[in-house]
Amino acid sequence: MKKKVILRCLVGAPIGLSISTLIAIIISIAAGDGNFYPVVPELTASCKNEITAVVIQSVCSLLYGAAWGGASVIYEYQKWSMLRMTVTHLMICSVLTLPAAYVMWWMPHEVKGIVQYFTIFLAIYIVIWITQFLSMKKKIEQMNNKLKEQN
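Residues numbered from 1 in each chain as written. Predicted model: local features only at pLDDT ≥ 70, side-chain atom pairs only at ≥ 80, totals over all residues. Heavy atoms only, no water.

Observations concerning the overall build of the chain
Item 1. Along its length, the chain carries five helices and zero strands.
Item 2. Along the chain, helices and strands appear, N-terminal first, in the series α-α-α-α-α.
Item 3. Taking 151 residues into account, the globule formula puts the C-alpha radius of gyration at 15 Å, and the chain, at 19 Å, lies well above it.
Item 4. Across its three principal axes, the chain shows a C-alpha extent of roughly 65 × 35 × 30 Å.
Item 5. Put simply, 57% of the contacts in the chain that link residues at least 6 apart link residues at least 24 apart.
Item 6. With an accessible surface of roughly 10,600 Å², the chain has 71% of that area assigned to carbon and sulfur atoms.
Item 7. One way to put it: in the chain the 13 positive side-chain charges average out to a point 16 Å from where the 7 negative ones average out. (Helix = DSSP H or I, 4+ residues; strand = E, 2+ residues; numbered from the N terminus. Rg over C-alpha atoms; globule rule 2.2 N^0.38 Å. Contact = heavy atoms within 4.5 Å. Areas by Shrake-Rupley, 256 points an atom, 1.4 Å probe, with all protein chains shown as cover. Lys, Arg positive; Asp, Glu negative; His and termini not counted. Charge placed at Lys NZ, Arg CZ, Asp CG, Glu CD.)

A look at helix H1 (residues 2-31)
Item 1. Counted at 1.5 Å a residue, the expected span for H1 with its 30 residues is 44 Å, and the 43 Å between its end C-alpha atoms agrees.
Item 2. All of the buried residues in H1 are Gly12, Ala13, Gly16, Ser20, Ala24 and Ser28.
Item 3. Considering only its buried residues, H1 is in contact with helix H3 (50-71).
Item 4. Looking one or two residues beyond H1, the residue adopting positive phi is Gly32, at roughly 70 degrees. (Expected span 1.5 Å × (residues − 1). Buried < 20%, exposed > 50% of the residue type's maximum accessible area, 1.4 Å probe, protein only.)

Treat this as a map of the structure, not an account of what it does.
Following this line, the structure appears as structure tokens:
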């Protein structure tokens with residue numbers, strides 16, 4: 001199990017960095033002024049220069065991806081109910097990614113900003129979870145139908 005968690009972390013880390021970079025590219029394109037915005041201005045200001053901010057965001061993005069990758073192993077622990085797996089996964093991802101989001105200035109550094117971030121985080125998590133659940137349910141129904149046809 002530990003080996004699987006480590007492997008998933010190693011796979012998740014570059015995915016986290018890739019997603020972070022893709023988001024920066026999309027934001028820069030949306031700005032429409034021909035400039036590249038690798039990090040939010042607040043992070044650059046708090047770091048005093050852009051390269052330090054980019055390094056910090058890159059490390060946080062690697063850790064963010066690793067946390068999500070490693071936590072995905074929870075869904076393979078079949079002794080737990082789906083509710084317990086989901087709540088455990090949500091708690092682990094929240095605890096591990098909230099500090100990264102805070103450091104990268106993805107939220108204002110005040111209680112209201114943290115509450116807003118977590119509300120958005122939770123809403124996105126729920127949408128993704130429901131989408132994945134319905135997708136798996138459909139696949140299971142298709143497999144069951146094929147089995148019925150064979151019998």
